[in-house]
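Chain by chain, the residues run as shown.
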Amino acid sequence: MNRLKNQNITTNDILNWTILVGVPAVFLISWQVLGDRDIINGSVLPTPYKIIDTLRQSIESGSLQKHFYASIVRVLLGFAAGAAAGVIAGFLTGLFEKVNKAVAVIFGVLRPIPMIGLVPLFILWFGIGEKSKIVLIAVGTFWSVLLNTEHGIQNTDYKYLEVARMLEKSKFTTLAKIIFPASIPSIFTGLRLGLSAAWRCLVAAEMLASTKGVGYMISYARELAQPSLMFVGLLTIGFVGIIIDVLITKLQLKLIKWT
Amino acid sequence: MSGIQDDVLVKIEDLYKVFHIDGKPVEVLEDINLEVKQGEFISIVGASGCGKSTLLRIIAGLETATKGKALFENNVITKPSIHCGMVFQESRLFPWLNVRKNIEFGLSRRVDKQTKRDISQQMIDLVGLAGFEKALPRQLSGGMQQRVSIARTLVNNPKLLLLDEPFGALDAITKIHMQNELLRIWKAEKNTMILVTHDIDEAIYLGDKVIVMSNKPGKIRNVIPVDLPRPRDRSSIDFMNIRRLIYKEFFEETEYKIEYYL
């Protein structure tokens, strides 16, 4: 019985892995073959081999590391500032109806503005240097974290709050021991969404006004007519995004053992 | 406390409760009068929607009466108090705290760490959960969760324990175990109990008195004393007689029909 069960899982596993690895492999091989036979124009869509070769070159020359470092510092600083502000603001709007009302119109108007539209304004306010980019990333992160924190607080189960009332707990204890832990899962959702917003803002800022960073690398590659370098930039952002998301999910699982 | 009625812990006088649903007033409780003596075990039984939970929530201070008053130790109840504990149908444990921490959360007076630990350990032993101190609520069965919930309420040593269908979600066998546990705790802690239930057997098995409530609006239909020694035998003639009496309150017409066809 046990063996049979194991065997079943194994066959299923093999099938899943075959699909997981096989489909992208077939895709890559066809892409390479079509490129080699000049069916796909290499100056529009370089072959996978060409992209990997460019990746190797840019690592060897150190240029990828330089751009990547500039980008990751901006993202982390902007994300940290935006997330902190978002959590604090989310607590205030989630807990106090008056605060919520006070900022409802202002936030309602500001939130739908696409981040890319703010780039010129932030350059005017904060200069062309690091500050304007970090602020843009922070603002982009802020909205997702704010909304999800607020949602988490407002959706704390009233049944838990009744328990606190029955036990004559103070407002502070109720906040620290019930509302805060109850909203942690929601806050994490906000952080994950905020991080992807941070990457989007980074690329926007770097493409419009920068001299280094992965976003700059992409737009510079267009000027050089080097599509393979563009792909190196795009894939870097994609892979780093996935790695950070996995790390946040792991942290979440560690912190939230109860779900 | 007044000297005349010092053994009366809870007193309900001409109490009415009206809810507004969709703008229309709906009478939930009508003309409720009730006295609960110190140390008594009262069962309130009624169909769902008869307002029995609302009555309990008014005694708890979670809701206010529309008319009339509810008194606890001769004071009008306006808000929850730690002298009055409540056990809900769902255990309402905090999923992020383990058993010990959940119970310690219940403690409302300030004590040092060691005392806190001693009290929670005492409660854990009382409800028979020794060895599960570090378990999270989701790792416990429904019956065990409810034990933790009872322990969390008992840490403040409340004079009055309100139980809102506490065993309603448990299976029949666990339920019987929990009823015996509750009686054991009641004997050990000597507090006053008010239990709301829709289970007629449970009401008779546990209560000194069974208060039968009618539906829409919720009124006290009858108060039936249960003068049987504990532990009670659910299949004894006396128990059955009381059960028949209560069944009649609910299903009078049906009973008539059966007799007619016989």
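One can find the structure itself at the top, above this paragraph.
Calculation notes
- Residues numbered from 1 in each chain as written.
- Chains lettered and ligands numbered in written order.
- Predicted model: local features only at pLDDT ≥ 70, side-chain atom pairs only at ≥ 80, totals over all residues.
- Heavy atoms only, no water.
- Helix = DSSP H or I, 4+ residues; strand = E, 2+ residues; numbered from the N terminus.
- Rg over C-alpha atoms; globule rule 2.2 N^0.38 Å.
- Buried < 20%, exposed > 50% of the residue type's maximum accessible area, 1.4 Å probe, protein only.
- Contact = heavy atoms within 4.5 Å.
- Areas by Shrake-Rupley, 256 points an atom, 1.4 Å probe, with all protein chains shown as cover.
- Lys, Arg positive; Asp, Glu negative; His and termini not counted.
- Charge placed at Lys NZ, Arg CZ, Asp CG, Glu CD.
- Patch = residues over 30% accessible without salt bridge, like charges linked within 9 Å, V, L, I, M, F, W, Y side chains within 5 Å.
- Salt bridge = Lys/Arg side-chain N within 4 Å of Asp/Glu carboxyl O.
- Disulfide = S-S within 2.5 Å.
- Core = buried A, V, L, I, M, F, W, Y, C linked by side-chain atoms within 4.5 Å.

(A) Here's a closer look at the overall build of chain A. Within chain A, the secondary structure is distributed over 10 helices and zero strands. In chain A, the order of α-helices and β-strands from amino to carboxyl end is α-α-α-α-α-α-α-α-α-α. In terms of overall dimensions, chain A is more spread out than a globule: its C-alpha atoms have a radius of gyration of 24 Å, far above the 18 Å expected for 259 residues. Dimensions of chain A, computed from the C-alpha atoms along their principal axes, are close to 75 × 70 × 30 Å. For chain A, the residues scored as buried account for 40% of the 259 residues in total. Looking at chain A alone, contacts between residues at least 24 apart form 73% of all its contacts between residues at least 6 apart. Summed over its atoms, the accessible surface of chain A is roughly 15,400 Å², and 70% of this surface lies on carbon and sulfur atoms. Put simply, chain A has 24 plus and 14 minus side-chain charges, and the middle of one group is 6 Å from the middle of the other.

(B) Region of interest: unusual backbone geometry. Residues and elements named next belong to chain B. Residue proline 231 follows arginine 230 across a cis peptide bond; omega there is -5°. Considering the arrangement of structural elements, one finds proline 231 in the loop between strand 10 (219-225) and helix 7 (237-261). In this structure, glutamate 165 takes a positive phi of about 45° despite not being glycine. Classification of glutamate 165 by relative accessible area gives buried; the value is 10%. The backbone phi angle of lysine 190 is positive, close to 55°, even though this residue is not glycine. Following the sequence through the fold, lysine 190 ends up in the loop between helix 5 (172-189) and strand 8 (192-197). Of the residues examined, lysine 190 reaches a relative accessible area of 66% and is grouped as exposed.

(C) Expanded view of a positive patch on the surface. Taken together, Lys177(A), Lys101(B), Arg110(B), Lys113(B), Lys116(B), Arg117(B) and Lys134(B) make up a surface patch of like positive charges. With three residues, helix 3 (residues 113-126) of chain B is the largest single contributor of residues to the positive patch. Examined against the element boundaries, Arg117(B) turns out to sit in helix 3.

(D) Examining the state of the cysteines more closely. All names here are of chain B. Under the definition given, this model contains zero disulfides over all chains. The closest cysteine sulfur to the non-disulfide-bonded cysteine 50 is located on cysteine 84, 19 Å from its own sulfur. Using a relative accessible area of 4% as the deciding quantity, one classes cysteine 84 as buried.

(E) Representation of the nonpolar core within the structure. Among the nonpolar cores identified, the biggest contains 79 residues, and Trp199(A), Ile12(B), Leu55(B), Ile59(B), Leu160(B), Leu162(B) and Ile194(B) are the most heavily contacted of them. Among the elements that make up this core, the one with the highest residue count is helix 8 (residues 171-208) of chain A (13 residues). In this structure Leu162(B) touches Leu56(B), Ile59(B), Ala60(B), Cys84(B), Gly85(B), Met86(B), Val87(B) and Ile194(B), once residues within four positions along its chain are discounted. Judged by nonpolar contacts, the second largest core, of 45 residues, contains Phe41(B), Ile103(B), Leu163(B) and Val210(B).

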